[in-house]
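Descriptive analysis of the structure
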Amino acid sequence: MTTHDEQTGPGDAARRNALDILLRRMQAESDFPALSEAIGDINRIASSDREGVNELSNHILKDFALTNKLLKLANVAFYNQVGGGSISTISRAVVVLGFDAVRSIALSLILFDNLENKAHAQHLKEEFVKVMYAGMLAREMAGNAQVKDVEEAFIGAMLHKLGRMLAMFYFPEEMALVLQRVETEGLSDVRVSAEVLGVSFENLGIGIARSWGFPDQLVQSMKKLPDGKIRKSASNVERLRALAGFANELCEIILETPDEDRSKALGRLTARFGDTVPVTAEQLAGMMEKSMQDIGQFARVVNVNLKHSDFARQASKWAGLAAPPGQASAQQETNTDMPDAVPDAMAALDANVLHEAAPAIEQGAVARDKQERTPEEIQSILASGLQDVGNSLIDDSISINDILRMILEAMYTGMGFAHVVLCIKDGRRNAMCGKFGFGDDVQRLVKAFDFSLAGQPDVFLVALQNNADILISDIDDPKIATRIPAWYRQHIPARTFVLFPVIVKGKPVGLIYADRPHAGDIAIPEKELSLLKSLRNQAVLAIRQSL
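Residues numbered from 1 in each chain as written. Predicted model: local features only at pLDDT ≥ 70, side-chain atom pairs only at ≥ 80, totals over all residues. Heavy atoms only, no water.

Now for the overall build of the protein chain. When you go through the protein chain residue by residue, the secondary structure sums to 24 helices and 6 strands. For the protein chain, buried positions account for 54% of its 547 residues. Accessible surface for the protein chain amounts to roughly 23600 Å². Of this, 50% is attributable to carbon and sulfur atoms. (Helix = DSSP H or I, 4+ residues; strand = E, 2+ residues; numbered from the N terminus. Buried < 20%, exposed > 50% of the residue type's maximum accessible area, 1.4 Å probe, protein only. Areas by Shrake-Rupley, 256 points an atom, 1.4 Å probe, with all protein chains shown as cover.)

Ranked by internal contacts, the top residues of the largest apolar core, which has 153 residues, are Tyr133, Leu162, Trp212 and Phe214. Here this core gets 11 residues from one element, more than from any other, and that element is helix α7 (residues 121-141). Apart from the residues lying within four places of it in its own chain, the contact partners of Phe214 are Ile39, Asn43, Arg103, Leu107, Ile155, Leu159, Ala209 and Val219. (Core = buried A, V, L, I, M, F, W, Y, C linked by side-chain atoms within 4.5 Å. Contact = heavy atoms within 4.5 Å.)

Attention now goes to helix α11 (residues 189-197). The α-helix advances 3.6 residues per turn, and as a result positions three or four apart in sequence lie on the same side. Inspection of α11 places Val192, Ser193 and Leu197 among the buried residues, and these make up the whole buried set. Here the buried residues of α11 occupy an arc of 105° about the axis, which is enough to place them on one side. In the stretch just after α11, Gly198 is the one whose phi turns positive, near 90°. (Arc of directions from axis to C-beta.)

Going through the model one piece at a time under the given rule, you end up with 35 salt bridges. Where Lys62 meets Asp440, a salt bridge forms, and the shortest distance between an N and an O atom there is 3.7 Å. Judged by its relative accessible area of 48%, Asp440 falls in the partly exposed class. Arg241 is the partner of Glu238 in a salt bridge, and the nearest nitrogen-oxygen pair spans 3.4 Å. (Salt bridge = Lys/Arg side-chain N within 4 Å of Asp/Glu carboxyl O.)

What follows covers the packing of aromatic side chains. Tallied over the full model, the rule gives 21 aromatic pairs. Between Phe460 and Tyr488 the ring centres are 5.8 Å apart and the planes differ by 40°, which places this aromatic pair in the tilted class. Of this pair, Phe460 sits in helix α22 (residues 459-465) while Tyr488 sits in helix α23 (residues 486-491); the two residues are 28 residues apart in sequence, bridging distant segments of the chain. Here Phe460 falls in the buried class, since its relative accessible area comes to 0%. Members of the aromatic cluster, joined through ring pairs, are Phe449, Phe451, Phe460, Trp487, Tyr488, Phe497 and Tyr513. Stacked on the ring of Phe436, the Lys or Arg Arg405 has its end atom at 4.8 Å from the ring centre. (Phe/Tyr/Trp six-rings, centres within 6.5 Å; stacked < 30°, edge-to-face > 60°. Lys NZ or Arg CZ within 6 Å of the ring centre and 35° of its normal.)

What follows concerns the side chain of Asp469. Mapped onto the elements of the fold, Asp469 is located in the loop between α22 and β4 (470-472). In this structure Asp469 comes out as buried when scored by relative accessible area, which is 4%. In this structure the side chain of Asp469 is engaged in a polar contact, spanning 2.6 Å, whose partner is the side chain of Lys533. Of note is the side chain of Asp469, whose polar atom sits 2.5 Å from the side chain of Arg536. Among residues more than four places away in sequence, those in contact with Asp469 are Asn352, Val353, Leu354, Leu499, Phe500, Pro501, Lys533 and Arg536. (Polar contact = N/O pair within 3.5 Å; in protein donor to acceptor, adjacent residues only side chain to side chain.)

Further remarks concern empty space enclosed by the protein. Quantified by volume, the largest cavity comes out at close to 50 Å³. Phe112, Phe128, Val129, Met132, Ile295, Phe298, Ala299, Val302, Val304 and Leu306 are the residues that line the largest cavity. At the level of secondary structure, the elements contributing two or more residues to the lining of the largest cavity comprise α7 and α16 (281-302). Residues belonging to the lining of the largest cavity are distributed by class as follows: 10 nonpolar, no polar and no charged. As a volume, the second largest cavity reaches approximately 40 Å³. Looking at the second largest cavity, the residues that line it are Glu127, Lys130, Val131, Lys161, Asn248 and Glu252. Breaking the lining of the second largest cavity down by element, the ones donating at least two residues are α7 and α14 (236-256). The biggest single contributor to the lining of the second largest cavity is α7, with 3 residues. Classifying every residue of the lining of the second largest cavity by side-chain character gives 1 nonpolar, 1 polar and 4 charged. (1 Å grid on protein atoms, 1.4 Å probe; cavity = no way out; pocket = protein on both sides within 12 Å on 5 of 7 lines; lining within 4 Å. Points joined across faces, edges and corners; volume = space filled by probe spheres on them. Nonpolar A, V, L, I, M, F, W, Y, C, P; charged D, E, K, R; others polar.)

A few words on the pairing of strand β2 (residues 431-438). Of all 8 residues in β2, 6 are buried, a share of seventy percent or more. Pairing of strand β1 (residues 419-426) with β2 involves 7 bridges; the strand directions are antiparallel. Note on β2: the bridge partner recorded for Val421 is Gly437. Counted between consecutive antiparallel strands, the loop separating β1 from β2 contains 4 residues, among which Asn430 sits at a positive phi close to 50°. Two strands pair when backbone bridges link them, and β2 and strand β3 (residues 450-452) are joined in this way by 3 bridges, in the antiparallel orientation. When the sheet's bridge partners are listed, Ala431 is paired in β3 with Ser452. (Pairing = 2+ DSSP bridges.)

On to the packing of helix α5 (residues 90-97) against helix α20 (residues 400-415), then. Two elements in contact, α5 and α20, have axes separated by 7 Å at closest approach and are oriented at 150°. Here α20 runs roughly antiparallel to α5, going by the angle between their axes. Between α5, through Ile90, Ser91, Arg92 and Val95, and α20, the contact on the second element is made entirely by Asp402, Arg405, Met406 and Glu409. Looking at side-chain class alone, the contact of α5 with α20 contains 3 nonpolar, 1 polar and 4 charged residues. (Axes fitted to C-alpha atoms, helices over the stretch in contact; angles between N-to-C directions. Parallel < 35°, antiparallel > 145°, perpendicular 65-115°, else oblique.)

Glancing now at helix α4 (residues 64-75). The terminal C-alpha atoms of α4, which comprises 12 residues, lie 17 Å apart, in line with the 16 Å expected from a rise of 1.5 Å per residue. On the buried face of α4, the contacting elements are α3 (52-61), α5, α6 (99-114) and α16. Regarding α4, its N-cap is Asp63, as a side-chain oxygen of that residue lies 3.2 Å from the backbone nitrogen of Ala65 further along. (Expected span 1.5 Å × (residues − 1).)

Where helix α9 (residues 162-170) meets helix α12 (residues 201-211), the closest approach of the two axes is 7 Å, and the angle between their N-to-C directions is 95°. Considering the angle they form, α9 stands roughly perpendicular to α12. Here Leu162, Gly163, Arg164, Leu166 and Ala167 of α9 lie close against α12, whose contacting residues are Phe201, Leu204, Gly205, Ile208 and Ala209. The class makeup of the residues in the contact of α9 with α12 is 7 nonpolar, 2 polar and 1 charged.

Attention now goes to the pairing of β1. In terms of residue burial, β1 counts as a mostly covered element, since 6 of its 8 residues are buried. Of the pairings in the sheet, the one linking β1 to strand β6 (residues 507-516) comprises 6 bridges and is antiparallel in character. Its bridge partner lying in β6, Leu422 is registered against Ile512.

Now the structure itself:
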């Protein structure tokens, strides 16, 4: 099969020029660069050989609205058949649902959120409902089409009409002209879109998908299928393309076919795809019903009322449902392997130790969080994180790293810290080393945490030696400044931080560090402190269980 890149006809240069012009017009729109960056980042993470799970979680957590919606979807029937209880952290969502499923949800939410805020939003919502339904159908039919990766099937079908959706959003006047000519002149939208835009919807979508970093086999699956019977192929790319085509053609048939012609239309479709996506009418009916329920869950999270959607009403009829799914209502031990501290080291830091009553830190500090939360909301996030960890501790299939990641994420999201980093002891070097964390540019911070446990008793060693949770409100406070190590001042710009040692059987095995940029930025009232200590204690328990 000739790919888009392999075409060398005289029209190819003109098509590329037209695509470049359209791309420049889209780049000039205030929201397109952000959309491109968000999707490009997730695709880069997905293709990375590095620790993708932590990077994906960290990336999603930067977007508060995306995090909330993704967690809601992770907990509804759409996915929670494998949930084993509530999911309140992105880290646990990745563990329970899998990396690819979380990536799929994130991509669909990013597309929807960025493509629905326009004057013609209702038309776009209708298009998006159809695109999402196609993705869900493809996920259900993946086994029939011998496509092993169900999430790849979902994304492939969702992207199949990307060019049309982008044209509707970014070029509404040209889109209106295309639709008018298709209706009045009886021409195909392939021909008319190429004449009006200079490039067909298909090639526009393919060009954008490439620029966003989607893998080549997903890009190739976006190509329009030939007319007539689709022949069976041994190529996974062709199977993916056939599946995406089947799901999207079914959506068009649902929207355009009168009720009395339904069985004939389905017969023609299943005959066309019989070699590549063998499915009986009975199987298809079950898949359509399941996909309609799934899209109902998605619609509730993104606040789309399916009862206002012509497509959803039709698809519900075809699935044997009386109506589209409705809207739901909003819903201290001693260490033996560390040097003795200078006698006054602990005394000098005593005012910074976080006791249960937390007298030294009242709620008067001004938090510079982007999303100001009430104490009850903060406590709820921390408590939900504790529940996630508790559910995971009794599951032998979940790794110690995944559990520790959930603990850090709960602290990070609950308290609104700028960064949270976990350090683990390297016994061979008798040193603490950064393992992973959350926050902007966190990998640089992780690398900076590499300090000897046999050095002078700075604040980090005092915390570990005395199993003391310590809050440093200002690293330049004259009473504290000499206890801040040089490596910290050199590599980490934060002026305030908190330390939670992880001590197992009297020995320091880890340290949880959290910071904010400005002096006095961290305030930890008593209830929140108790929950943070409980999360740290879960880390102790998890590590103890793994030994």
